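Secondary and tertiary structure notes
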Amino acid sequence: AMPPAEAFWSVTLYDADRYLYPNPLRRHAIGDRTRGLQRDPDGGLTLRVQHAQPADPAGQANWLPAPAGRFYLILRLYHPREDARGWRIPPLQRRTA
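The rules we used
Residues numbered from 1 in each chain as written. Predicted model: local features only at pLDDT ≥ 70, side-chain atom pairs only at ≥ 80, totals over all residues. Heavy atoms only, no water. Phe/Tyr/Trp six-rings, centres within 6.5 Å; stacked < 30°, edge-to-face > 60°. Helix = DSSP H or I, 4+ residues; strand = E, 2+ residues; numbered from the N terminus. Buried < 20%, exposed > 50% of the residue type's maximum accessible area, 1.4 Å probe, protein only. Lys NZ or Arg CZ within 6 Å of the ring centre and 35° of its normal. Contact = heavy atoms within 4.5 Å. Polar contact = N/O pair within 3.5 Å; in protein donor to acceptor, adjacent residues only side chain to side chain. Pairing = 2+ DSSP bridges. Axes fitted to C-alpha atoms, helices over the stretch in contact; angles between N-to-C directions. Salt bridge = Lys/Arg side-chain N within 4 Å of Asp/Glu carboxyl O.

Considerations on the packing of aromatic side chains
All chains considered together, the criterion is met by 1 aromatic pair. An angle of 15° between the planes, with centres 4.2 Å apart, marks the rings of phenylalanine 8 and tyrosine 78 as stacked. Here phenylalanine 8, found in strand S1 (residues 5-15), pairs with tyrosine 78, found in strand S5 (residues 71-80); they are 70 residues apart in sequence, far enough to count as distant. Residue tyrosine 78 is classed as partly exposed on the basis of its relative accessible area of 32%. Arginine 18 extends its terminal NZ or CZ atom over the ring of tyrosine 72, reaching a point 4.8 Å from the ring centre.

Laid out in structure tokens, this is it:
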């Protein structure tokens, strides 16, 4: 399920020093207002948080560039719905190519 926000939601990435990570896309956050996001065939949304640029076009559209080392992610819900208190953030899944 998408994050329960009436206004919008976003995920912002910070490097190990807690600064925005400089990257070729100049993309520091991704969310429901990010243009061109590609939905999965089942209607879900897979965000790619990784250092290397994804090879497939859908992966590139949903890519949040990350440093090769440590980083932090912050999820923000703007004007959260009532059910936000019971909603659980989907766990990150490490995948290998």
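So, next bit.
Quick word on the environment of proline 3
For proline 3, the location among the structural elements is in the segment before S1. For proline 3 and glutamine 50, which are 47 residues apart along the polypeptide, the C-alpha to C-alpha distance reads 21 Å. Each residue touching proline 3, except ones within four places of it in the same chain, is listed here: Trp9, Leu77, Arg81 and Trp87.

Structural notes on the side chain of asparagine 62
Along the polypeptide, asparagine 62 turns up in the loop between helix H1 (57-61) and strand S4 (63-65). On the basis of relative accessibility, which here comes to 3%, the residue asparagine 62 falls in the buried class. At 2.8 Å, the side chain of asparagine 62 forms a polar contact with the backbone oxygen of glutamine 38.

Quick notes on the sheet that holds S5
Across the sheet, 3 strands lie side by side as S2-S1-S5; this open sheet has antiparallel pairing. The sheet is open, and its two borders are formed by strand S2 (29-31) and S5, each paired with just one other strand. Across the sheet, the mean angle from the axis of one strand to that of its neighbour is 20°, orientation sign disregarded.

Focus on unusual backbone geometry
What is expected of a backbone is that most residues other than glycine have negative phi and most peptide bonds are trans. Phi at arginine 26 takes a positive value of approximately 55°, unusual for a residue other than glycine. Mapped onto the fold, arginine 26 is located in the loop between S1 and S2. Using a relative accessible area of 71% as the deciding quantity, one classes arginine 26 as exposed. Of note in the backbone geometry, histidine 79 takes a positive phi value of approximately 55° without being a glycine.

Here we look at the pattern of salt bridges
In the structure shown here, the tally under the stated rule is 2 salt bridges. Notably, a salt bridge pairs arginine 48 with aspartate 56, separated by 3.4 Å at the nearest N-O pair. Of the residues examined, arginine 48 reaches a relative accessible area of 27% and is grouped as partly exposed. For aspartate 83, the salt bridge identified is with arginine 81, shortest N-O distance 3.3 Å. You can call arginine 81 partly exposed: its relative accessible area is 32%.

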